[in-house]
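# Working through the structure, step by step
For reference, the chains in residue letters:
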Protein chains: 2
Amino acid sequence: MTNNSCGVFYGAGVGPGDPELITLKTLRILQKSPVIAVPKANDESSSVALGIAKKALRLDGKEILELSLPMTKNAAELATAREKAADEIAKRLKQNLDVVFITLGDPMLYSTFSYFVPLLKEKLPSLKVSVSAGVTSFSSAAAALMLPLAEGEGRVAIIPASYGQEDIERTLDGFDTIIFMKVHKAIDRLVDLLRARGLDKNAYFISKAGWDSEEIETDIRKLKGVKHGYFSMLIVKK
Amino acid sequence: MTNNSCGVFYGAGVGPGDPELITLKTLRILQKSPVIAVPKANDESSSVALGIAKKALRLDGKEILELSLPMTKNAAELATAREKAADEIAKRLKQNLDVVFITLGDPMLYSTFSYFVPLLKEKLPSLKVSVSAGVTSFSSAAAALMLPLAEGEGRVAIIPASYGQEDIERTLDGFDTIIFMKVHKAIDRLVDLLRARGLDKNAYFISKAGWDSEEIETDIRKLKGVKHGYFSMLIVKK
């Protein structure tokens, strides 16, 4: 019980790309919330997430709050940008408006949503935060590839492809299914490593899973030397 | 192009438990399909998946095809039961009826759906199979716990808790977040192991994530010696 009533801060996954993979819960939250916050970075994810929301329902009359979040590894620059974005969100919440932060996929898996929860709780200690889970990109990829990620006692690893050879080798040793995320910069190295281990026939590449522009490649040797986008993954199933 | 037209075989995830976490795609497939296939085992998952479908839409006039699939490790018994169940599904498909096999969570992650695809393709080589991805139980758990599973370059492992100490130790060493599935039989051992490594404060237990009967325990020492259900998991975030 507090006097400082404020809006609810929602994290809502809109799914991997196909607007039909949005959940009823996310749809309801989008419908009732007057403010939709979407990170605007140098990648396509923000516009894609907003595009999905737009296909799922009419957004007329709602505020689209674009948060400028640069894709940088400069910690100070990032902290300043996040603080500024959190201020913008907090301003609406203090006006007793619900704010829904939309995320491609699921808000709890590789999303910037989670950074904002502590920042906002600091500004508004009594803030209510609620998360609507979403379908992940790898579930969508598995559906498109018709590839079971795990059966029975199967073990699954999810690892960004930027890791070094030793980490990747160890992960390949210890797991039945390995999902390499963000493979765009590491694809040549990864293809060589998988071929050397005789695992190239067990590897499946998918880019923009669930999007209209989805691409699948099952002969991973063809991936070498080709430029791939940020939303690409490689699944190895032993 | 084939003369042997037959129904489509759908694998559709109904999400982790909350009927609101069903996707629009699964809802549409359920609406248009005259046959809903649901595995009937000795656990609660089948009735739960059907319960979610029933809450999401009216099933009047549809055939509910219950497939008897015993929870046994006897390979021959299992193969016979699956073959019989596949025959039942194939019979409807041959009558040009679409059949949707419903799965709690996602059809590509620890679901019996994937076993039926090759069995049915053998009987009906031109069969069209389509998968509607679902929200997983661990995404729902992370939402309830407000626990980001991965941020930035984070690595996630999903491993059934039945594995031995060495496997579990290695997984704890190599990953930032470890999701232990089906912890009901291994909980005492797991709690001891996590305490010995000083990771008990980083561990979160959740049972029936997203169900009305969801249970959360953040003091995992309280879990020892208590009977837990099949739908329980433990998430360790270092």
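Remember, predicted model here, so these are calculated numbers, not experimental data.

### Observations regarding helix 6 (residues 165-174) of chain B
B:Ile168, B:Thr171, B:Leu172 and B:Gly174 are the residues of helix 6 of chain B that are buried. The elements touched by buried residues of helix 6 of chain B are strand 6 (156-160), strand 7 (177-181), helix 7 (187-196) and strand 10 (232-237) of chain B.

### Some points on the relation of the copies chain B and chain A
Mapping chain B onto chain A is achieved by rotating through 180° and translating by 0.0 Å along the same axis, at an RMSD of 0.0 Å. Between the two chains, the operation in question is that of a two-fold axis. The fraction of interface residues of chain B whose copies in chain A are also interface residues reaches 100%, indicating that both copies meet through the same surface.

### Some words on the sheet that holds strand 9 (residues 215-217) of chain A
With respect to topology, 10 strands assemble into an open sheet ordered 9(A)-8(A)-10(A)-7(A)-6(A)-6(B)-7(B)-10(B)-8(B)-9(B), the strand pairing being mixed. The strands lining the two open edges of the sheet, one partner per strand, are strand 9 of chain A together with strand 9 (215-217) of chain B. The sheet shows a mean angle of 15° between the axes of neighbouring strands, direction not considered. Note that strand 8 (residues 203-207) of chain A and strand 9 of chain A share three bridges and pair antiparallel. Its bridge partner lying in strand 9 of chain A, A:Ile206 is registered against A:Ile216.

### Quick word on the domain arrangement of chain A
All names here are of chain A. One can read the domain layout of chain A as domain 1 (9-132) and domain 2 (137-237). Placing a centre on the C-alpha atoms of domain 1 and another on those of domain 2 gives a separation of 28 Å. Contact with domain 1, which involves 13 residues of that partner, is made by 14 residues of domain 2. Summed over both partners, the interface of domain 1 with domain 2 buries about 920 Å², with 70% contributed by carbon and sulfur atoms. Where domain 1 meets domain 2, there are zero salt bridges.

### Details of the sheet that holds strand 3 (residues 63-68) of chain A
Residue and element names in this part refer to chain A. Taking strand neighbours across the sheet as the criterion, the five strands line up as 3-2-4-1-5 in an open arrangement whose pairing is parallel. Edge positions in the open sheet fall to strand 3 and strand 5 (129-132), since each of these has one partner strand only. Across this sheet, the average inter-strand angle for adjacent strands is 25°, counted without regard to direction. Inspection of the sheet shows strand 2 (residues 35-40) paired to strand 3 by six bridges, in the parallel sense. Bridging from a neighbouring strand, lysine 40 pairs with serine 68 of strand 3.

### Observations concerning the pairing of strand 10 (residues 232-237) of chain A
Residues and elements named next belong to chain A. The element strand 10 is largely enclosed, with a buried count of six among its six residues. Residues Ser232, Leu234 and Val236 of strand 10 are buried on one face, and the alternating residues Met233, Ile235 and Lys237, pointing to the opposite face, are buried as well. Here strand 7 (residues 177-181) runs beside strand 10; their pairing, made up of four bridges, is antiparallel. Looking at the pairing, isoleucine 179 lines up with isoleucine 235 of strand 10.

### Some thoughts on the interface of chain B and chain A
By a widespread convention, an interface's size corresponds to the accessible area lost as its parts come together. If you look at the interface, chain B gives 52 residues, while chain A gives 52 residues. Of the roughly 4,200 Å² buried between chain B and chain A on both sides combined, carbon and sulfur atoms contribute 60%. Looking at the side of chain B facing chain A, the largest losses of area belong to B:Glu20, B:Leu24 and B:Met108, adding up to 15% of the total buried there. Seen at the junction of chain B and chain A, the total is six salt bridges. Salt-bridge contacts for A:Arg28 lead to B:Glu20; the nearest nitrogen and oxygen are separated by 2.5 Å.

### Description of the packing of aromatic side chains
Residue and element names in this part refer to chain A. For the structure on display, the rule yields 13 aromatic pairs over all chains. Their ring planes at 55° and their centres at 5.9 Å tell us that phenylalanine 101 and phenylalanine 113 sit as a pair that is tilted. Taken together, the residues span a long stretch of sequence, with phenylalanine 101 in strand 4 (residues 99-103) and phenylalanine 113 in helix 4 (residues 113-123) at a distance of 12 residues. Here phenylalanine 101 matches phenylalanine 113 in class, with each residue buried. An aromatic cluster is built from Phe9, Phe101, Phe113 and Phe116, whose rings are joined through pairwise contacts. Residue placement shows arginine 82 over the ring face of tyrosine 115; its charged tip is 3.8 Å from the ring centre.

About the thresholds
- Residues numbered from 1 in each chain as written.
- Chains lettered and ligands numbered in written order.
- Predicted model: local features only at pLDDT ≥ 70, side-chain atom pairs only at ≥ 80, totals over all residues.
- Heavy atoms only, no water.
- Buried < 20%, exposed > 50% of the residue type's maximum accessible area, 1.4 Å probe, protein only.
- Helix = DSSP H or I, 4+ residues; strand = E, 2+ residues; numbered from the N terminus.
- Contact = heavy atoms within 4.5 Å.
- Least-squares fit on C-alpha atoms with pLDDT ≥ 70 in both.
- Pairing = 2+ DSSP bridges.
- Axes fitted to C-alpha atoms, helices over the stretch in contact; angles between N-to-C directions.
- Domains from an automatic or database assignment.
- Buried area = accessible area lost by both parts, 1.4 Å probe.
- Salt bridge = Lys/Arg side-chain N within 4 Å of Asp/Glu carboxyl O.
- Phe/Tyr/Trp six-rings, centres within 6.5 Å; stacked < 30°, edge-to-face > 60°.
- Lys NZ or Arg CZ within 6 Å of the ring centre and 35° of its normal.

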